[in-house]
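What follows is the residue order along each chain.
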Amino acid sequence: MPRHHHQSVLLACLLALAAAAALSPAKATKPPAAVSPSIAVDFIRRACRTTEYPRVCESTLLPCAAAVGRSPRRLARAALVVGADRARNCSAYIHGVGSGGAATSKGKGKAAAGAMKDCAEMARDAEGMLRQSAAEMERMGRAGTPRFAWALDNVQTWASAALTDTSTCLDSLAEAHDERDAAAVRRRVIAVAQATSNALVLVNRLDPAQHRLL
């Protein structure tokens, strides 16, 4: 596992752990009951099987087992942070490519440069919405309350918009399929899309209406 990816996963886990107390302020002085590592790992694996990209889900969220425990909310929040970190890394990569001046100003080079500029903006937007979603989950309150329903709707809307950004970016990059840099960006955008898709599935599982339909 690349070092920067490992650091991003650890950061997501730390943020999920830090949010645990914020999710229930009245009980902030009383940490949740400890869960054995095997139970926490099994919980994450079962949750990941409901996502579209279970291998990505496991590889990014299993390191968070100690922080997540058996909390669907902390798991969803950690997944949102993973998506945001991937979006930030994607945006940084695109800026690095642009500063290198690899693309030309004519023909396909111009199309690729325009597509990557658009993707950089969408990656920044996606990161912002995913981080906003993760922060909103800290203020959700108790399930079943109006505040919870309002916050969940916000998170679902923002995460869906972030996923749409990745789809729009991929459509734009399709016009620059002959550019090597565009292909490298495409791989990173796909990584963002997969993490965001998984996060959205885990967020949707918090919706009581979803369970009534099962």
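Residues numbered from 1 in each chain as written. Predicted model: local features only at pLDDT ≥ 70, side-chain atom pairs only at ≥ 80, totals over all residues. Heavy atoms only, no water.

This paragraph deals with the packing of helix α7 (residues 146-173) against helix α8 (residues 180-204). Where α7 meets α8, the axes come as close as 9 Å, and the angle between the chain directions of the two elements is 160°. Judged by the angle between their axes, α7 and α8 are roughly antiparallel. Judged by the twist between their axes, the crossing of α7 over α8 is left-handed. Counted together, Leu152, Val155, Gln156, Ala159, Ser160, Ala162, Leu163, Thr166, Cys169, Leu170 and Leu173 of α7 and Ala182, Val185, Arg186, Val189, Ile190, Val192, Ala193, Thr196, Ser197, Leu200, Val203 and Asn204 of α8 form the full contact between these two elements. For the contact of α7 with α8, the residue count by class is 16 nonpolar, six polar and one charged. (Axes fitted to C-alpha atoms, helices over the stretch in contact; angles between N-to-C directions. Helix = DSSP H or I, 4+ residues; strand = E, 2+ residues; numbered from the N terminus. Parallel < 35°, antiparallel > 145°, perpendicular 65-115°, else oblique. Left-handed = near helix turned anticlockwise from the far one by under 90°. Contact = heavy atoms within 4.5 Å. Nonpolar A, V, L, I, M, F, W, Y, C, P; charged D, E, K, R; others polar.)

By the definition in use, this model includes two cavities of 30 Å³ or more. By volume, the largest cavity is sized at about 60 Å³. Ala87, Cys90, Cys119, Met122, Ala123, Ala126, Asp165, Thr166, Cys169, Val189 and Val192 are the residues that line the largest cavity. Residue assignment for the lining of the largest cavity shows that the elements contributing at least two residues are α5 (72-100), α6 (107-137), α7 and α8. By residue number, the principal contributor to the lining of the largest cavity is α6, which donates four residues. Taken as a whole, the second largest cavity holds about 40 Å³ of empty space. Along its surface, the second largest cavity is lined by Val56, Cys57, Thr60, Leu61, Ala79, Val82, Ala195 and Asn198. (1 Å grid on protein atoms, 1.4 Å probe; cavity = no way out; pocket = protein on both sides within 12 Å on 5 of 7 lines; lining within 4 Å. Points joined across faces, edges and corners; volume = space filled by probe spheres on them.)

Turning our attention to the state of the cysteines. Evaluated as defined, the whole model comprises two disulfides. The side chain of cysteine 48 participates in a disulfide bridge whose partner is cysteine 57; the two sulfur atoms lie 2.0 Å from each other. Every disulfide takes its handedness from the sign of the S-S torsion; for cysteine 48 and cysteine 57 that torsion is -70°, giving left-handed. Across the pair, exposure class does not vary: cysteine 48 and cysteine 57 are buried alike. Residue cysteine 119 pairs covalently with cysteine 169 via a disulfide, S to S 1.8 Å. On the S-S bond that ties cysteine 119 to cysteine 169, the torsion sits near 110°, and the link is right-handed. With cysteine 119 in helix α6 and cysteine 169 in helix α7, the pair connects residues that are 50 residues apart, well separated along the chain. Residue classification places cysteine 169 among the buried residues on the basis of a relative accessible area of 2%. Considering cysteine sulfurs only, cysteine 169 is the nearest to cysteine 90, which forms no disulfide, with 6.2 Å between them. Classification of cysteine 90 by relative accessible area gives buried; the value is 3%. (Disulfide = S-S within 2.5 Å. Buried < 20%, exposed > 50% of the residue type's maximum accessible area, 1.4 Å probe, protein only.)

Moving on: the packing of aromatic side chains. On inspection of all chains with the given rule, the structure shows zero aromatic pairs. Looking at arginine 188, its charged tip hangs above the ring of tyrosine 93, at a distance of 3.7 Å from the centre. (Phe/Tyr/Trp six-rings, centres within 6.5 Å; stacked < 30°, edge-to-face > 60°. Lys NZ or Arg CZ within 6 Å of the ring centre and 35° of its normal.)

Everything listed here is a matter of coordinates, which is why it stays silent on function.
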